[in-house]
Each structure stands twice: as structure tokens, then as C-alpha cells.
Amino acid sequence: MVVSAQEKTSAPALAMKELTGGYSRRRPVLHGVSMTLHGGELLGLIGLNGAGKSTAIKHILGLMVAHSGEVRVAGATLEENRELYRSSIAYVPEQPSLFPNLTVKEHLHWTALAYGLNREAAEKRADELATTFRMTEAMKALPDTLSKGMKQKVMLMNALLVRPALLIIDEPFLGLDPLAIRGLVAALDEARDEGTAILLSSHILPALERKANRLVVLHKGRLIAEGTPKEVKAAAGCTGTEATLDDAFEALVEAAEGGRKGE
Amino acid sequence: MSRIAHDEQRAFLHSLRRERTAAFRKEIVPYFRYVFQSGFGLFASAIFFTLLIGYMDLIKAVPADWPAKWVGAVVLSLSALRAPLRTYFRPADSVFLLAMENRMLEQYVAVALRKAVIAGVLRTLAVFALFAPIYIRSPQTAALADVHPPIVLALLFAALTGINIYGGWRERRAAARSWRIGLKAVRIALSAAAVTALLLKPLALAIPFAAAIVAVLALLWRLPAQHALPWDRLIEEEAALRRRWMGFLSWFVDVPTETAKPTYRRWIAWIGELIPWSRSKAWHYLYVKVFLRGETFGALWRWIIVTCLVVAVSGSALIDALVFGASIVVCGLQLSELKRVRFVETADTLPIAPQGKLMAAAAVARGAGLAAVALIGAAVPATAGLGANPGDAEVFRFDYWLAAAGFGLLWCGWWMPRKIARFTDEDDL
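Residues numbered from 1 in each chain as written. Chains lettered and ligands numbered in written order. Predicted model: local features only at pLDDT ≥ 70, side-chain atom pairs only at ≥ 80, totals over all residues.

1. What to know about helix H15 (residues 317-335) of chain B
Residue and element names in this part refer to chain B. Put simply, the test is: Each helix is a run of H or I in the DSSP string that is no shorter than four residues. Each strand is a run of E no shorter than two, and both are numbered from the N terminus. To estimate how far a helix should reach, multiply one less than its number of residues by 1.5 Å. Every C-beta atom is placed from the backbone, and the number of other C-beta atoms within 10 Å of a residue's own sets its class: buried at 20 or more, exposed at 12 or fewer, partly exposed in between. Residues are treated as contacting if the C-beta atoms built from their backbones sit within 7 Å of each other.
For H15, which comprises 19 residues, the first-to-last C-alpha distance of 27 Å matches the rise-based estimate of 27 Å (1.5 Å per residue) to within 8%. Buried within H15 we find Ala317, Asp320, Ala321, Val323, Phe324, Ser327, Ile328, Cys331, Gly332, Gln334 and Leu335. Where H15 is buried, its residues meet helix H14 (295-314), helix H16 (356-382) and helix H17 (398-421).

So, in C-alpha cells, the structure goes:
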């Protein structure tokens, strides 16, 4: 059973509540982080390197076990309903992670099988995505013959093929050519219009400022700001018309550093 | 650069190669204990002594119809043509050692090349030493041996081996893959012709012929665009060699898995498309593709071909059945590799139960194993009599064949898949 974006559920696509986690219980990376994401929303996840963004994503994916708190996807925790949880998520990691023995087309084939998609619909969608990402000629290629950007496109195509309830993308713009970035942005808009909730982690703040409905700012594993881009800028004291999200982020980090030093 | 810096670099590169050679041995050698414990040592020893006895019998009285000319040409060509080069290069070398490229050529690669030449020459001399008694005593070649002094032939074959190893290095340096393949094909064909001529034709003709071949090869090596040091090629070769070692050892003991570079194999990979479109078959689809494009399949189908050839030339029903059975055991061991296949992390985030992996691996191994039984099983009756001498009575025995095929069906159709499907620890998921 695949929970697609089109299926109406009252529960948020993602509900993270007071999550504390990381590899070591003695030195947790995340400290009581909460966030909620509804269908049709794009939530931008921002933070410096080592802020805990990837750890948060791994917890959402169920690849790490929380020390306390919980993560619900489509209303269920992983323990309550593994099937529902897993089939509600599609994930694109920062580093392309492909099967070396499968061609691009076979990756899409396998993803469609794994999510139990209808064959005709999946093949039609795969063709559309190949056109969008200009990968038509590379469909029969094995990953070792593709550039890093092309590998990233394959990851994105796989995730977008599924039309999941929750789409998690880690640094999607790295390595992509300008036309692919444009194609990705259009595909994300389309997915959002179809009701997919998107969690997008990126350092490209101008893009997030334009596209995200809401932002979550992490610093040293703690949530230091949350809200619409406008609200986050206001929280940082950047209210002028010239103020950018970059300015706001810098101010927030400085404030958090100052606060930490003062503690 | 100052003289001291040069000396330091030289010392560093010498010690680097030594350390890497020692590290490789240190990593590999301990596993051999398990290889021998598994019974492989006994099996290999049995084969060695059987061959030795056969060889001793042969050189006592070489039969008049024994094809000494062609066996000699093939065996000596195979030895003289081999051009391996152990550099122990690692992926990061092209980043960190690139600045020392010239020094690498002089102090590192040159040493590797010298060692490869020494090993190759010793190998060819050993092969020639084994063949020389046959050459001298065989009715087919005795007359040739009278006018081909063994010491002269040994020196010529040694020189040809050294030239081939150097040729292998020049091929590796060619920038274009097509040139590398073309040069290798030409070297193999011409060198085999030179070996054959030296062995079978008067030396007064054969030596100028071989010299002309070497001159042609030397000219050809100058033609393609070349890298001074083919970093990527050598790194790839080292990785492949390492994988082969680990692949061999993994038949007997758990070793660190190496990610093999896949081979496209359009001619067979289409079989994956026959898997029914069903979520319950998702792992099957993945395993079929991984298997058919991986090294396990490469080793398996080469093994099946070799087995079929041995069966074709054996000329004995008993040997056919024994080879059939032994070969199927090896096929099963190779297929058990599927249990050790590991996938990228994203596979764990997909909505299919990881518990299905082992069942799918077992099913794919069962299918491949039964196909191997069918192919070898068909080769036995189909080639019966091909290698038999006139008067040999039993070229095919149905009861022997049935016993071997029955064993194969049990081994590859039941026992080995059952072993693969058995969950032992979390690493299996």
C-alpha cells in the first residue's frame, strides 16, 4: 500500500515532537527538536554544517533511533505501522546513492516495484521525468558512466516517480546544471500542488526564501527559529526591505552563539 | 627541487611500495588458513599430484599421436603473453601523488615493472622446463628439438616474455580504450605467432621473424596518444585484482566485501525484465540485475564454459561425471556469494521488508544453479565421444550422468538456496 500525496489524510505528513537523538546517548546531536509539515507545504531546513540537519533527516527516515520524543509520518510512528511509514516517504540524499548494477531505467523500474506502483502509470511518469531532467538518452546507462549531477538527477527522478506524501531532499541543487535546477524547481512546485509535503535541506538560502512556505533553523542541534521566511527574518531583527534570509540566518547564529556563551 | 628533497622522495616512494606490498600480503595470507581448513588444500593437492603422475607417465613415453607441437605452442604462448603489473595503487594516489608523477615513474612504477618482468621470465622458464622433456622426447618434435638448443629457446622465450610485459605497460598508457584493446589483440596474435615459429620453425628463419614482430609492436606502441602514467587505469586494475582475491577467499571465509565494477551484459541482463511486476518480487528484480551484471555471474559462466570444454575432451564417462559433480559444487559456492550482497543505504528507506532479501537471493541462486546443472548436464551426453580414442568403450554412462545430475539438483536446487535463505545475524538484512 502506498500512501500518495493525493490521498487525503487528516494527520500531518510529518510531525516531529521533542526529538532528542544522535548516535550516542551520552552526546546527543539533537536536543528536543519539534517540527510539523502538512501536505502541500515546503519546509526549509537550515543550519550550519554539523547543526543536526542530516541527523534529523536520518531520524525521520527511521535510520536512527530517538533517545526521546517521537517522529510521526502520515500519522504513524515507524514502530506502529512500518508499512505506512516507509511507503509515505521518498528520500533524496545529499550524495547520490545508486545501485551500481542497475541502469537509470532499471532504477525507476525497481523503485516502482518497491512502492507497488501501477506499471503503466509508472512508465508514463518515468518518461515525463526523463524529459524534464533531460535524461532520455541516459536511461540505459549504468551509474558509473554518469556525472555526479546526472546521478543526482536519477535520485530526484526516483523520488518524484513515487509522488509520496512526504518528500525529503537533502541539498538538491548541488551538482545540478542550471536547466536541471529549473526542472527540479518546477517538479517540486508540481509535487507541492499535488499535495506532497516537502522537507528541503539546503544552504542556498535565496532559493528557500523564494520557495519555502516555512523554515526551521537548527543550530548545534537546537531549533533556534521557525516560521515563514518573513517571520524568521523578523525574529532575527532583520525587518528592512533590503534584508535577506542570509542576513537573518547570520544574525540568528550570532545570537545563538552569544546566548550560549552567556549561559 | 633540492637534492635532499629528491632523495627524500625516492626513499618515500621505495618505502611506500614496500609497505603496500607487505600490507597486501598481511591482509591476504591469514585467510589461507581457512582456505586449507575447508578442504580446498586437499582438493588442490589431489589435482596437483594427479597431474604430476600423469606428467611423469607422459614424459616416460610420449605417444606418437600426442599433439606436442600445438600443446607447446599454446602453453608457452599463454605464459609469454601474460603481462600483469602489481602497483598497489589506491584511489587517492591520483590526488596525493600526482605532483610526484616523474618520481613515481622512476622510483615506483619502474620497480613494479622490473619485478613483473622477473616474475614473468621465471614463470615462462618454469613452463619451458616442464615442456622441454616432452619437446625432446615426443616423436612429433624430437627432430625439431635437435636443431633448437633448449638453452637458446629458453632465452628467447624469456626475452619475449619481458617484451610482452613491457608491451602490457605501453598498452596501459594508451589514452583511448579502443587503442588499448587493439594493441593488446595485436600483441597477443603476433607474440603467439612468434612463440609458435620459434618452437616449430628453423631458428634461422624464426629469430628474424620474431625480431620483425617485436619491431612492429614497438612501432605500434608509439602511435596512440599516451599518458605518462595511467593513474586511473592502474587504480582500476588494482581494485579489480583485489576484488578477485577477495572473491576467491570469500568462497571459504567471510572477507571484507569489495564493490565490483559492474559489466553491462546486455545479452543476459534482459532476463530481469521477465520478473513479474509485483511488489513482492522487488528484491528478486534487484538481485537478478545485481547478479547478472556482477563478478559472480562472470566467474560462474566462465566456469561453466571451462567445465563443458573439459567434459568435451575427457573421453571418459567416469571423468565426465566426476567433473560434472565437482563443477556443480564450485558453482554452488560461487552462487552463495549472493548472500553477501550489500546494497546502498537508500535501499533501507524503501517500503519493502528487508526480510525478503534472503528469500530473493536464494531464489535467484536456485535459478542460476539449476541453469548451470542443465547446461553442464546437457554438455555431457552432447559431447560424449569427442575426446575418446578409437576403441574406448564407455564414452557415456547414463547411471553416472544421473548420479551427477541428481547431486547437482540437490546441491543447487535445495541445499545451497536453503543455506542462503537461512537468517544468521542482523548483517544478513
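2. Some words on the sheet that holds strand S2 (residues 30-37) of chain A
All names here are of chain A. The condition is simple: At least two bridges found by DSSP between two strands is the condition for calling them paired. Axis definition: a line fitted to C-alpha atoms, limited for helices to the stretch in contact. Angles are taken between N-to-C directions and run from 0 to 180 degrees.
Taken in spatial order, the three strands of this open sheet run S2-S1-S4, and their pairing is antiparallel. Every interior strand has two partners, whereas the edge strands, S2 and strand S4 (68-73), have only one. Averaged over neighbouring strand pairs, the angle between their axes works out to 15° when direction is ignored. In this structure, strand S1 (residues 14-21) lies alongside S2, joined through five bridges in antiparallel fashion. Residue pairing for S2: Gly21 is matched across the bridge by Leu30. Contacting S1, S2 and S4, helix H1 (residues 53-61) runs over the sheet at an angle of about 120° to S1.

3. Overview of unusual backbone geometry
Residues and elements named next belong to chain B. At Tyr88, a residue that is not glycine, the phi angle is positive and equals roughly 55°. Here Tyr88 lies in the loop between helix H4 (68-81) and helix H5 (93-96). Assessed through the 20 C-beta atoms surrounding it within 10 Å, Tyr88 is described here as buried. Not every positive phi belongs to a glycine, and Arg265 is a case in point at roughly 45°.

4. Concerning the pairing of strand S5 (residues 89-92) of chain A
Residues and elements named next belong to chain A. Burial along S5 is two-sided: the face carrying Ile89 and Tyr91 and the face carrying Ala90 and Val92 are both buried. The pairing of S5 with strand S6 (residues 166-170) spans four bridges and is parallel. Residue pairing for S6: Ala90 is matched across the bridge by Leu167.

5. Quick look at the domain arrangement of chain A
Residues and elements named next belong to chain A. Here is the rule we go by: Domain start and stop points were drawn from an automatic or database domain assignment. The classification used treats Ala, Val, Leu, Ile, Met, Phe, Trp, Tyr, Cys and Pro as nonpolar, Asp, Glu, Lys and Arg as charged, and all other residues, Gly among them, as polar.
Split into domains, chain A comes out as domain 1 (1-88 + 166-232) and domain 2 (99-163). A C-alpha centroid distance of 23 Å is found between domain 1 and domain 2. In this assembly, 17 residues from domain 1 lie in contact with 14 residues from domain 2. Top element by residues in the side of domain 1 that touches domain 2 is helix H6 (residues 178-193). It accounts for six residues. Considered class by class, the residues forming the side of domain 1 that touches domain 2 number 10 nonpolar, five polar and two charged.

6. Some words on the nonpolar core
We apply this condition: Working definition: the nonpolar core is a set of buried Ala, Val, Leu, Ile, Met, Phe, Trp, Tyr and Cys residues, joined through C-beta atoms within 7 Å.
Ranked by size, the top nonpolar core spans 129 residues in total, and within it Leu166, Ile198 and Val217 of chain A together with Tyr287 of chain B carry the most contacts. With 12 residues, the top contributor of residues to this core is H16 of chain B. With sequence-adjacent residues up to four places away left out, Leu166 of chain A is seen in contact with Ala13, Leu14, Val73, Ser88, Ile89, Ala197 and Leu199 of chain A. Core analysis: the next-biggest nonpolar cluster, separate from the first, contains 23 residues, Ala68, Leu199, Ala206 and Ala210 of chain B among them.

7. Remarks on the interface of chain B and chain A
Contacts between the two partners involve 23 residues from chain B and, on the opposite side, 23 residues from chain A. Of the residues belonging to the side of chain B that touches chain A, the class tally is 12 nonpolar, four polar and seven charged.

8. Focus on the packing of helix H3 (residues 104-114) of chain A against helix H5 (residues 148-162) of chain A
In a pair of packed helices, the angle between the axes and the distance between the axes together describe the arrangement. All names here are of chain A. Quick reminder of the rule: Oblique is the label for every angle not falling under 35 degrees (roughly parallel), over 145 degrees (roughly antiparallel), or within 65 to 115 degrees (roughly perpendicular). Should the near helix be turned anticlockwise from the far one by less than a right angle, the crossing is termed left-handed; should it be turned clockwise, right-handed.
Close contact between H3 and H5 brings their axes to 10 Å; oriented N to C, the two are set at 30°. By the angle class used here, H3 and H5 are roughly parallel. As for how H3 packs across H5, the hand of that crossing is right-handed. Contact residues: Val104, His107, Leu108, Thr111 and Ala112 in H3; Val154, Met157, Asn158, Leu161 and Val162 in H5.

9. Re the domain arrangement of chain B
Partitioning chain B into domains gives domain 1 (3-239) and domain 2 (262-428). Taking only C-alpha atoms into account, the centre of domain 1 of chain B sits 32 Å from that of domain 2 of chain B.

10. Let's talk about the environment of Arg10 of chain B
Residue and element names in this part refer to chain B. Relative to the helices and strands, Arg10 is located in helix H1 (residues 3-28). A C-alpha to C-alpha distance of 7.1 Å links Arg10 and Arg103, two positions 93 residues apart in sequence. Here Arg10 is in contact with Arg103 and Gln107, once residues within four sequence places are set aside.

11. Points about the sheet that holds strand S3 (residues 42-47) of chain A
All names here are of chain A. Within the open sheet, the six strands sit side by side as S5-S6-S7-S3-S8-S9. Their pairing is mixed. On the outer flanks of this sheet lie S5 and strand S9 (222-227), each paired with one strand and no other. Going from strand to strand, the sheet's axes swing by 15° on average, the running direction of each strand aside. Both S6 and strand S7 (residues 197-201) contribute to a ladder of five bridges, which runs parallel. Residue Ile168 lies in a different strand from S7, and its bridge partner there is Leu199. Lying over the sheet, H1 contacts S3, S5, S6, S7 and strand S8 (214-219), oriented at roughly 150° with respect to S6. Along the sheet face, H5 touches S5 and S6 and points at about 170° away from the line of S5.

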